[in-house]
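Inside the fold
The lines below spell out each chain.
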Amino acid sequence: MLLDYVDSGFTSCRITGKAKAKFADCSSRGLQTVPMDLPDDIVKLDLRRNSIVTISAKAFIRYRILQVLILDENRIAYLEENTFTGLTKLNQLSMLENNLDLNASYHFNVFSPLVSLKILNIERNINKTNGGKVFYPFFGELHNLSVLAVDLSIYPVFKNSGLNKLTKLNTLKFDYCYLDKMTNKTFSDMPATVVNITFTGCIIHSVAEANFLRPFPFLNRLLLKRVCVEYESALKILYPFKNKTMEEINFNEVNPGYCDGEVRSPNAVIITADMIKYLQNMCVRKLFMIKVGIVDFKPKSLLFYQYPECFEEIVFSGNRLSIMNGFKIMELITLSKKVSNLSRFQLSGILESNTSLHESTASLGIRSEFIEEGSTRYSNLNKRRKDKFQITVPFPQNLKSLMLSNFVGVEGTVPQTITFDNISSLVSLDLSYFRMNHFPDVLFTGTNKLKYVDLSGIDSTLYAGKDNIPLFQKITEITLKQANLRTTLKSSSRIFSLVPAIKKLDISNNFLRFVPNDAFKYNQNLCKLNIGYNLFSEIPIAVMTLSKLSHLTLERNTLQTINSTLRDWFDMQNERMKTKLTLNLIGNVFKCTCENSDFILWLFRTKIIFDNKNITFKCSLVNGTLTNTRRVYEEFHQLFRDCKSEIWLRVGVCLLVGFIAFTLPIAIIVNFRWRIAYCIYRTFKKVVEKNMKSKFRYDIYLSCADDSLGWVKNTLIPKLENSWEMSVCIEDRDILAGNIRGDAIAQSIMESRNIIFIISGAFSDKIWGDFEIHTAKYEKYTRNLHKIIVITRNVSVEKFPLELGLIINDVVLIDWSDEESDNVWDKLRMTLFSEYV
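Residues numbered from 1 in each chain as written. Predicted model: local features only at pLDDT ≥ 70, side-chain atom pairs only at ≥ 80, totals over all residues. Heavy atoms only, no water.

With that out of the way, let us pick up the confidence of the model for the protein. When the pLDDT values of the protein are averaged, the result is 85; 87% of them are 70 or greater. Segment residues 351-387 is flagged for pLDDT under 50; beyond a separation of four residues in sequence, or across chains, it makes 81 contacts in the model. (pLDDT = per-residue confidence, 0-100. Contact = heavy atoms within 4.5 Å.)

Turning our attention to the packing of helix α6 (residues 564-576) against helix α7 (residues 597-605). Helix-helix packing: each pair is described by the crossing angle between the helix axes and the interaxial distance. Two elements in contact, α6 and α7, have axes separated by 11 Å at closest approach and are oriented at 15°. The angle between the axes of α6 and α7 places the two elements in the roughly parallel class. Seen from above, α6 lies across α7 with left-handed handedness. Listed contacts from α7 to Arg567, Phe570 and Asp571 of α6 are Asp598, Phe599 and Trp602. When the residues that make up the contact of α6 with α7 are grouped by side-chain class, the tally is 3 nonpolar, no polar and 3 charged. (Axes fitted to C-alpha atoms, helices over the stretch in contact; angles between N-to-C directions. Helix = DSSP H or I, 4+ residues; strand = E, 2+ residues; numbered from the N terminus. Parallel < 35°, antiparallel > 145°, perpendicular 65-115°, else oblique. Left-handed = near helix turned anticlockwise from the far one by under 90°. Nonpolar A, V, L, I, M, F, W, Y, C, P; charged D, E, K, R; others polar.)

On to a positive patch on the surface, then. Positive charge collects at one region of the surface, where Lys451, Lys474, Lys503 and Lys548 lie side by side. Within the element layout of this structure, Lys474 appears in the loop between β29 (452-454) and β30 (477-479). (Patch = residues over 30% accessible without salt bridge, like charges linked within 9 Å, V, L, I, M, F, W, Y side chains within 5 Å. Areas by Shrake-Rupley, 256 points an atom, 1.4 Å probe, with all protein chains shown as cover. Salt bridge = Lys/Arg side-chain N within 4 Å of Asp/Glu carboxyl O. Lys, Arg positive; Asp, Glu negative; His and termini not counted. Charge placed at Lys NZ, Arg CZ, Asp CG, Glu CD.)

Once that is clear, we can look at the sheet that holds strand β43 (residues 812-815). The 5 strands lie next to each other as β40-β39-β41-β42-β43, forming an open sheet whose pairing is parallel. The open sheet has two edge strands with one neighbour each: β40 (728-730) and β43. Between one strand axis and the next, the sheet turns through 20° on average, direction left out of account. (Pairing = 2+ DSSP bridges.)

Of all 5 residues making up strand β14 (residues 196-200), 5 are buried, and the element is well covered by its neighbours. Of the two faces of β14, the one lined by Asn196, Thr198 and Thr200 and the one lined by Ile197 and Phe199 are each fully buried. Looking at chain direction, β14 and strand β15 (residues 221-225) are connected through 5 bridges and run parallel. Bridging from a neighbouring strand, Phe199 pairs with Leu224 of β15. (Buried < 20%, exposed > 50% of the residue type's maximum accessible area, 1.4 Å probe, protein only.)

This next bit is on helix α15 (residues 769-781). With 13 residues, α15 extends 19 Å from end C-alpha to end C-alpha; this agrees with the ideal 18 Å at 1.5 Å per step. Residues of α15 that are buried include every one of Gly769, Glu772, Ile773, Thr775, Ala776, Lys777 and Glu779, and no others. The secondary structure elements touched by the buried residues of α15 are β39 (698-704), α13 (731-734), α14 (741-750), β41 (752-759), β42 (787-792) and α16 (802-806). (Expected span 1.5 Å × (residues − 1).)

The geometry of an aromatic ring pair is captured by the separation of the ring centres together with the interplanar angle, meaning the angle of the planes. Within the structure shown, the criterion is met by 32 aromatic pairs. Each ring, one from Trp569 and one from Phe570, has its centre 5.6 Å from the other, and the planes form 65°; the classification is edge-to-face. Both residues of the pair, Trp569 and Phe570, count as buried. The rings of Tyr136, Phe158, Phe174, Phe187, Phe199, Phe212 and Phe216 are connected pair by pair, giving a single aromatic cluster. (Phe/Tyr/Trp six-rings, centres within 6.5 Å; stacked < 30°, edge-to-face > 60°.)

One pass over the full model with this rule turns up 5 cavities of 30 Å³ or more. In this structure, the second largest cavity encloses a volume near 70 Å³. Lining the second largest cavity we find Leu455, Tyr463, Ile469, Phe472, Ile478, Leu480, Ile495, Phe496, Leu498 and Val499. When its residues are assigned to classes, the lining of the second largest cavity shows 10 nonpolar, no polar and no charged. (1 Å grid on protein atoms, 1.4 Å probe; cavity = no way out; pocket = protein on both sides within 12 Å on 5 of 7 lines; lining within 4 Å. Points joined across faces, edges and corners; volume = space filled by probe spheres on them.)

Here it is as structure tokens:
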């Protein structure tokens, strides 16, 4: 590998590769012009993220064998007529995210020299549109062009662009789409060779015309993403492809509600047979309807197609449709029998209760029977709610991936036993966030090839007590995010015995502080473990039982160091494994102190692979300053030069203190033994009586002025109550009117574990502000209140409350600017959770 640096203006470009494969990386160098002193045999030139505004004529004449040119994220506003002269071998040109106006920035023939060009990306340049006609530049000489990515204006004019002459053009991408009308004439001057079209961000104000896409008779893939148009109109443009075959139709966030003011959510859509009549008569291999607002559908509509055998993938995720009532479950089962080539099916929505579930499934292949406690018999309908029932669900013969996510299982909808019939092809099963009040016994017929299961969002206590789940015995990967494992692991460490063959386990986002030492006793094949986004202050000892561990994720925990025992084990494991051990530590704030100096050295000397390749993990110095581990390592001798002398000083102090601590108590005990005994008795009695009354009602009492209410409501409260699951008392919300205000506030503070003051410019005008501070001081000094936390938000020194200033040494002070950062959230979380259980 040849590696060199060439001085080009402000800073050097990095040259890699050898002849006929030489790459010049000039990205993010602050360049204002194209460098002219690079090797003339480079085949790829990357100039993205510079400050180039204008590219002069013949700017690239030196680089005649250039094949790839990247000019993304500059400020290019104009191209001269002969800008690309000499680039006859260029096959890829990208200029996205510049200031190129389609009417003014391009000379008519600017692209003509690029006779070998195959991919042209000039999208994301129009940040706004004035509503007038936009004339597109001439592409007629680009006879090899196959992919064109360009912005789509309100009134695009392609008549003189020469696009209709391009016989190899097959892909059109419109990432910035300002089109507001889908008319039959919009693409009348486009070539018929296009097979792939993508629209992103269009806002269609009128009804789409049925022949909008007629100029593309061979269209194979159609993607509409974040397009604000009535869903009926979006389905209408499929008219030209009736009785034809398409590879993919992908409607993702296609709904006018996504452009409706500040609160963006899809309008409710009810699918009818008339709306979907064109789609029903097409042969589609991949059908995606994601987050389009479907809440219901009529008979013979969404699940009714003329060519169901064509389907290979069906995805209806992110909607709110119900399937467990009346004709819907019948149509779903009928469809499942016909989609013989279906390999992937995804559906998310609402699973409703239904009193006639037995009748609607019995004749359609879902065999169901009701089981009374102690015996098996067919139940009377009026006893059904008290009885248990089991169902058998037939699977399409080639189905490999099934996702039924975000369903709400209410009483009567989740059977006691589910049997999956013929799952010989099933590899992936996703039941994430399927809310239920019990976990059914899952059985199966056919060969079990299931490898991946996602049970995120399902309370693990519902199935933790089961001896085994036969369907899960051979799976090698399982995801258990937000599965209440914190509660489960307190009472049982055998939950992972349900998946003995597991190789990859994800238990992130469970608020875990610990796992039992024998938690992975039955998982000797486990090699990838994700315990990120939890509350671990140290790495669990249980990981040391995993002899095949190769990847451990500990992102976003509260780790401050890794002890020597675990460091030695990681190094030993790294030597034992053929592949390098990977450790993910981003999001933790380590301590860079004398006690952790060995840990800092280990980070840079170990052969383990970290997720942060530069090893710049967040690090807190003794004085509280935040830095990163690489900077500490580079200044190691300067920062830790006094550590040895400090250690000997500590040893001497410890010996002296030990001697005093040994002799002084003996002397005191001998001389005042009766008084000590009486004091111990009196103190013990007082503590017991006090603890019996110290049951806190709230975790936090929050005090703020009116100018901070918006931030508190929209940002702070969701984090405290929803993410961190703490109970919070706010004066305006939780203290009822009618009581004596002062007494109610004092009582609420007394019943709170901690208090948070949001100090802003208007806090000094708050009526009860001084009273809350005095009460907090009293509760703090009587040791009822654990912590006083003061968050300052753009407040001047003269407006900082004097009473808080007097006790500044007894509070935790957090400076919170308008721009939030992970540092302040981490400090607040560590402050609250250090004593919170």
